[in-house]
Structure formats: structure tokens, C-alpha cells
Amino acid sequence: MLAGRLHMAERALRVESVPVPQPGPGQVRIRVAAAGVCLSDVHLIDGTLSPLHLSGDVVTLGHEVAGTVDALGDGVTGWQPGQRVLLQAGERDRRGTLLTRGVDYDGGWAEYALAREDTLVLIPDAMPFEHACIVPDAVSTPWAAVTDTARTRPAEAVGVWGVGGLGAHAVQLLRLVGAAPIIAVDPLPAARDRALTLGADLALDPKDGGFRDAVLEFTVARGLDIAFDFAGVTPAREQAMTVLGPRGRLVLAGIANEPVTIRSDSRFNYSRQAVLGHYGSEAEHVDQLVALAALGRFDLTASISDVLPLADAAEAVRRVHDKQGDPIRLILRP
């Protein structure tokens, strides 16, 4: 079968022929129908990120995966060939260590992928594979940030910095839970237009000289209850801190690998503000989103920027890296 394999020593992505994997005890083999291309995949290739628990120096990329059950390993009783499923983006080993699919072990940029039986999630027949595959991470990460880390309540004023693969979904999900107003912040005009289409009440350029005044006017001088950094850049965090209101929370969903600076602890303490770290999601968040999608509570059609054959994985990576076409998600189809 074909697989998009990252050779760590060279940081080289190669689509090459490898043996079809055989499921072991407790494993299920999935015939992959769709796999998302995430910025994290790009960062693995360019060396910005490195696997922490990879055994060996080659891995099949892809942590956003959906397809059909193809074969069962020994002891698997809860699944049947032909069932439509998505795969959780990772699993915990016996010591509780979180292992990420397509990073610490082989993922879904392939014709077939293996998954532990408890990491499969059944999806509705009406849910396209292209939509299902991006639920783990692209949708579940902002959902967990909104509902779990930030504990967003109805009518809270929120800001979303970065309306890309995560932030675009955050706008939709914040509207779903009743946040208001929703202010999107992005330097790209196309991203700001997209935010308004997806449900933002206001979209601002962070470089606008009247930025702070605009936020305060739109929030009736209160400022933001929650600021979400999905951009993962220091200037976004610093700007967000200037428009947080009393008891405001800054949620760091993007990873900058830089220090977080609070310019004035007296103002920060007096206002009882907070900085909250966020990473990924839990299995329950994916289950919640599949249930919500089945009831039509949100639509991921606009999230699929293009679908490419697996053989063109390198081209997909280039387009994400260069932001060509300002994509939300590119999908690989074996």
C-alpha cells in the first residue's frame, strides 16, 4: 500500500510502498477514506516539532483519520467490517502516557491504518468522511478549549486570535454555546471575511491603530471575558491581555514555545484575571461533537478547502505551509 512516511533523520516526507499492516490482539485495521493535513504535520516535517515517544526513526503521518473497519485482530468483538468510523487522535499507554497518532506511532496518511479498538468512534452514515476525519483535533481542540478549559458561558464576550484551522471552528462552536459578542482577530482580510461568514459579530485587523477602542466599544467598555489565542504567536497574547476585562481569561490554545509575560501584576491581580494553558482534547469531546454533528448543530462543509490524492501529500504540505488559498483543512484521499 501507499503511505506518507516521515524519515526523521532527514526530515523527509516520502510517499512510498509499504506492507499492508496486520492487526494484532485488540487492534482493528481501517481502510482509510480521508485524512486531514494539519499544521502540526508541517511542523513535524520542518523540524519545529519532534516526536517524544517514537520507536524508530520513520513514522506514517496523519492524526486526523476516518474510514471503514476492514479487519479485526484477535479478541476484538465490538466492531464489524464495513462500519464507518473516525479514529481518536491518540491513545494512552499502560503508564498513562499520551501517544499521538501519526507522531508517536503510525497514522493515517496511508491506504490502511491500525487502531486500538477503544480508539474508534462510530460515525453517522450521513457524515462525510472528509468531515469526520477532522473532528479529532481541528474541531475537538477548540471545542475542548471553549467548553472545558475556558468554561465559556452564554453571553460572555470572547475574542478569537487566528481564524485558521482551529480558530475558524472556534468561532462556530462559540456561537453554538451562546458566547456573545464574538470578535475575530486576524491580519488576513480573507480570514476576517471567513470569520464573519462563520458567525463572528466583528472581525478586526490586529494592526489597526483603533483596535483596542473598537473592542471596548463593542463590549460596552467592559472588555473581553475570554480571549482565545489560536495563532500561537507572542504579539497575539500581548494584545489579548490589553483588552481582557474583570476576571477575564486568556486561553493559550496555540503553541508559541515562548515566555508568557504579564506586564503589570497589580492590574492582573486586581482584575482577578487568569492565563490558562490548553492542549488537545479528550475522547469525550470527540464523542460530543459526533453527536452534535448528527443532529445538524454545526456544518463542516466550509472547512474542507480541498481534497487531494494521497500521492500528492507533499503538495498538500506545501500549500498548508505557504497558506496558499488560506486553507482551513486540506484532505488526503488514498
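We now turn to the structure provided with this report. (Residues numbered from 1 in each chain as written. Predicted model: local features only at pLDDT ≥ 70, side-chain atom pairs only at ≥ 80, totals over all residues. Heavy atoms only, no water.)

This brings us to the overall build of the protein. Within the protein, the secondary structure is distributed over 10 helices and 18 strands. Taken against the 2.2 N^0.38 rule, which gives 20 Å for 334 residues, the C-alpha radius of gyration of the protein at 20 Å falls within 12% of a compact globule. The dimensions of the protein, computed from C-alpha atoms along their principal axes, are 60 × 45 × 40 Å. Taken over 334 residues, the protein has a buried fraction of 53%. For the protein, the exposed area adds up to about 14,900 Å²; of that, 51% sits on carbon and sulfur atoms. In the protein, 31 positive and 41 negative side-chain charges are present, and the distance between their average locations comes to 4 Å. (Helix = DSSP H or I, 4+ residues; strand = E, 2+ residues; numbered from the N terminus. Rg over C-alpha atoms; globule rule 2.2 N^0.38 Å. Buried < 20%, exposed > 50% of the residue type's maximum accessible area, 1.4 Å probe, protein only. Areas by Shrake-Rupley, 256 points an atom, 1.4 Å probe, with all protein chains shown as cover. Lys, Arg positive; Asp, Glu negative; His and termini not counted. Charge placed at Lys NZ, Arg CZ, Asp CG, Glu CD.)

Mapped onto the fold, Leu308 is located in strand 17 (residues 304-309). Judged by relative accessible area, which is 7%, Leu308 ranks as buried. When the C-alpha positions of Leu308 and Phe218 are compared, they lie 41 Å apart, and in sequence the two are 90 residues distant. Setting aside residues no more than four positions away along its own chain, Leu308 makes contact with Glu315, Ala316, Arg319, Leu330, Ile331, Leu332 and Arg333. (Contact = heavy atoms within 4.5 Å.)

In this section: the pattern of salt bridges. Under the defined criterion, the tally for this structure stands at 21 salt bridges. Across the salt bridge formed by Asp70 and Arg29, the nearest N and O atoms sit 2.8 Å from each other. Here Asp70 is found in strand 5 (residues 65-72), whereas its partner Arg29 is found in strand 3 (residues 27-37), with 41 residues between them in sequence. On the accessibility criterion, Arg29 (13% relative accessible area) is buried. Among the ionic pairs, Arg318 bridges to Glu315, the shortest N-O distance being 2.8 Å. With a gap of three residues between them, Arg318 and Glu315 both fall in helix 10 (residues 313-322), about one helical turn apart. Taken together, the shared-partner salt bridges connect Arg5, Glu16 and Asp106 into one network. (Salt bridge = Lys/Arg side-chain N within 4 Å of Asp/Glu carboxyl O.)

On the basis of which strands lie adjacent, the open sheet formed by three strands has the order 2-1-4 and antiparallel pairing. For this open sheet the edge positions go to strand 2 (12-17) and strand 4 (58-60), each flanked by a neighbour on one side alone. Taken over all neighbouring pairs, the strand axes of this sheet differ in orientation by 35° on average, direction set aside. Judged from the three bridges that link them, strand 1 (residues 2-7) and strand 4 form a sheet pairing that is antiparallel. Its bridge partner lying in strand 4, Leu6 is registered against Val59. (Pairing = 2+ DSSP bridges. Axes fitted to C-alpha atoms, helices over the stretch in contact; angles between N-to-C directions.)

What follows covers the nonpolar core. One broad trend across soluble globular proteins is that nonpolar side chains are buried collectively. By size, the foremost hydrophobic cluster in this structure holds 32 residues, and its most contacted members are Trp109, Leu120 and Leu332. Elements with a minimum of two residues in this core: strand 3, helix 1 (39-46), strand 5, strand 6 (84-87), strand 9 (112-116), helix 10 and strand 18 (329-333). In terms of residues, this core owes the most to one element, strand 3, which gives five residues. In contact with Leu332, other than residues within four places in its own chain, are Ala33, Ala34, Ala35, Val37, Trp109, Leu308, Pro309, Leu310, Ala313 and Ala316. If you look at the next biggest cluster of nonpolar residues, it comprises 25 residues, including Ala145, Val158, Ala184 and Ala203. (Core = buried A, V, L, I, M, F, W, Y, C linked by side-chain atoms within 4.5 Å.)

Moving on, we get to the packing of aromatic side chains. Across all of its chains, the model carries two aromatic pairs by this definition. Residues Phe228 and Phe230 carry aromatic rings whose centres are separated by 5.9 Å and whose planes lie at 15° to one another, so their mutual orientation is stacked. Accessibility assignment for this pair places Phe228 and Phe230 in one class, buried. The side chain of Arg29 reaches across the aromatic face of Tyr112, ending 5.4 Å from its centre. Over the aromatic face of Phe129 sits the side chain of Arg84, whose NZ or CZ is 4.2 Å from the ring centroid. (Phe/Tyr/Trp six-rings, centres within 6.5 Å; stacked < 30°, edge-to-face > 60°. Lys NZ or Arg CZ within 6 Å of the ring centre and 35° of its normal.)

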